[in-house]
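What follows is the residue order along each chain.
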Amino acid sequence: MYKSKIIGTGHYVPDRIVTNSDLEEMMDTTDEWIVERTGVQERRWFEAGKDTVSNMGTRAAQRALENAGIEASELDFIVFATLSPEYYFPGCGVLVQDQLDLDTIGALDVRNQCSGFIYGLSVADQFIKTGMYKTILIIGSEIQSNIMDKSSNGRAIAVIFGDGAGAVVLQATEEEKGILSTHMHSQGKYASELTVKEPSTRHKEQILKRLIDGAKADIYPYMNGKFIFKHAVERFSEVINEALDQNGLKPSDLDMLIPHQANLRISQYIQRELGLADDKIWNNIQKYGNTTGASIPIALDEAQRAGKINDDDLVCLASFGSGLTWASALIRW
Ligand code: UT7
């Protein structure tokens, strides 16, 4: 059986930088509160007319392809993870297929929020292991700045999230390296603790009625912050240890942990739990905020380009988010 190896990484973030002091102008918040509770100092917001979820994904993909040293025409399949799709349908995967000028290869969209990238990586890994495909592009891309309430009512959420895209190219290898295992979990009974309910097919009639009545639709994200925080710290550690246990390894064997950038305090908690030194975890939430499905491939690309991930390193990706969903991938680089 083949193994799958990440042969290229890339990311794209919009040019528009929004600092905490910019947010102070829009809502009742302070730089001090945001930095202390989340670690975020600035984030990127998309530019209308320039950035879309699919074209940001394509730009990240082009950088990943260049980094891999291959042409788009060598791809066999595309996996696209997002919680902020461009349309109800079709999914963003086919839009990327067109933007990369590809012929008729398959494109799959994954809807697993903060865990979407690892879910997508896991699906691609199975295709490669069985020999069905040789080279697969996996993208995470999000535009969240235009679905948030940027008034004081939405401040607990609007200060955390940002826009961006990341991508990797996964390829079959006969070497004894690459993805060692992936682990995926969910708990739908807590679906309503972190959600955007509308617009949706479920509420369409109510939305139309409320629009006619002039009432407000329930269109902004809802997050039970403390509940999510508590579950995140437990599940992150659990799913990282699950990956290490399955491969007979320990936290001290890790060379790099790339956690989904949910909140700097969550990353620091996991780092302490696992006893990792500062150079064994990559955090960039300070610059980009929480970019949901894009945060892991963006961080992975940064760490890789900074020379922090080298041949034979043991790298762990881990996520937790809406669903609830959580997941990990253990990789021998
Ligand atoms: O990626 C998906 C997974 N998501 C996460 O993992 C996020 C998990 N949760 C969190 O990161 C944290 O719960 C938050 C950062 C969202 C909130 O931090 P917190 O320490 O749980 O704060 P809180 O919601 O309990 O709010 C504390 C206070 C409240 O005021 P009172 O009631 O104590 O007077 C809030 O109204 O802070 C207030 N507050 C703010 N103040 C200034 C909430 N948001 C803000 C804000 N600026 N932006």
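It should be noted that the structure appears before, not after, this text.
So, how was this worked out
- Residues numbered from 1 in each chain as written.
- Predicted model: local features only at pLDDT ≥ 70, side-chain atom pairs only at ≥ 80, totals over all residues.
- Heavy atoms only, no water.
- Patch = residues over 30% accessible without salt bridge, like charges linked within 9 Å, V, L, I, M, F, W, Y side chains within 5 Å.
- Areas by Shrake-Rupley, 256 points an atom, 1.4 Å probe, with all protein chains shown as cover.
- Salt bridge = Lys/Arg side-chain N within 4 Å of Asp/Glu carboxyl O.
- Lys, Arg positive; Asp, Glu negative; His and termini not counted.
- Charge placed at Lys NZ, Arg CZ, Asp CG, Glu CD.
- Helix = DSSP H or I, 4+ residues; strand = E, 2+ residues; numbered from the N terminus.
- Buried < 20%, exposed > 50% of the residue type's maximum accessible area, 1.4 Å probe, protein only.
- Near = heavy atom within 4 Å.
- Polar contact = N/O pair within 3.5 Å; in protein donor to acceptor, adjacent residues only side chain to side chain.
- 1 Å grid on protein atoms, 1.4 Å probe; cavity = no way out; pocket = protein on both sides within 12 Å on 5 of 7 lines; lining within 4 Å.
- Sits in = over half its atoms within 2 Å of the grid points.
- Nonpolar A, V, L, I, M, F, W, Y, C, P; charged D, E, K, R; others polar.
- Pairing = 2+ DSSP bridges.
- Axes fitted to C-alpha atoms, helices over the stretch in contact; angles between N-to-C directions.
- Contact = heavy atoms within 4.5 Å.
- Parallel < 35°, antiparallel > 145°, perpendicular 65-115°, else oblique.
- Left-handed = near helix turned anticlockwise from the far one by under 90°.
- Core = buried A, V, L, I, M, F, W, Y, C linked by side-chain atoms within 4.5 Å.
- Domains from an automatic or database assignment.

**Q** I tried to follow a negative patch on the surface on my own but got confused; where do I start?
**A** There is a patch of like negative charges on the surface, built from Asp22, Glu24, Glu25, Asp31, Glu32 and Glu36. At the level of secondary structure, the elements contributing two or more residues to the negative patch comprise helix H1 (20–26) and helix H2 (31–38). Relative to the helices and strands, Glu24 is located in helix H1. You can call Glu24 partly exposed: its relative accessible area is 34%.

**Q** Where do I start with the site of the ligand in this structure?
**A** Not every one of the 22 residues close to the ligand is listed here, only the nearest: Thr29, Arg37, Lys226, Asn263 and Asn290. Within the side chain of Arg37, a nitrogen or oxygen atom sits 2.7 Å from an oxygen atom of the ligand. Here an oxygen atom of the ligand and a side-chain polar atom of Asn263 are 2.6 Å apart. Protein chains bury 74% of the 960 Å² of accessible surface belonging to the ligand in isolation. Using a 2 Å cut-off from the grid points, one finds that the ligand occupies the second largest pocket. Elements that contribute at least two residues to the shell around the ligand include exactly H2, helix H6 (155–158), helix H8 (225–246) and helix H9 (264–274). Its residues placed into classes, the shell around the ligand shows 11 nonpolar, six polar and five charged.

**Q** What's the story with the side chain of Gln171 in this structure? I'm lost.
**A** With respect to the helices and strands, Gln171 occurs in strand S7 (residues 164–173). In this structure Gln171 comes out as buried when scored by relative accessible area, which is 16%. Within the structure, the side chain of Gln171 is placed 2.9 Å from the side chain of Thr135, a separation counted as a polar contact.

**Q** What is the right way to read the sheet that holds strand S8 (residues 178–186) from this model?
**A** Sheet strands pair via backbone hydrogen bonds, and the direction of the pair is either parallel or antiparallel. One open sheet holds the four strands; their spatial order is S8-S13-S12-S11, and the pairing between them is mixed. In this open sheet, the two edge strands, each paired with only one partner strand, are S8 and strand S11 (256–259). Here the average twist between neighbouring strands, direction ignored, is 10°. Strands in contact with H8 are S8, S11, strand S12 (314–321) and strand S13 (325–332); relative to S12, the strand with the most contacts, it is inclined by about 150°.

**Q** What should I look at first to understand the packing of helix H3 (residues 53–68) against helix H4 (residues 92–99) in this one?
**A** The relative placement of two packed helices comes down to the angle between their axes together with the axis-to-axis distance. Two elements in contact, H3 and H4, have axes separated by 9 Å at closest approach and are oriented at 55°. One element, H3, and the other, H4, form an angle in the oblique class. Judged by the sense of rotation from one axis to the other, the crossing of H3 with H4 is right-handed. Across the interface between the two elements, Val53, Ser54, Asn55 and Thr58 from H3 touch Cys92, Leu95, Val96 and Gln99 from H4. Tallied by class, residues from the contact of H3 with H4 come to four nonpolar, four polar and no charged.

**Q** Honestly, the nonpolar core in this entry has me stumped. Any pointers?
**A** A general tendency of soluble globular proteins is for nonpolar side chains to be buried together. Residues Leu121, Ile138, Ile258, Leu300, Val315 and Leu317 are the most contacted members of the largest nonpolar core, which totals 30 residues. Elements supplying a minimum of two residues to this core: strand S4 (77–81), helix H5 (116–129), strand S6 (135–142), S7, S11, helix H11 (295–305), S12 and S13. Among the elements that take part in this core, H5 stands out by supplying six residues, more than any other. Composition of this core by domain shows at least three residues from each of domain 1 (3–176) and domain 2 (179–190 + 221–332). Leu194, Leu257, Ile270 and Ile281 belong to the second largest nonpolar core, which has 26 residues in total.

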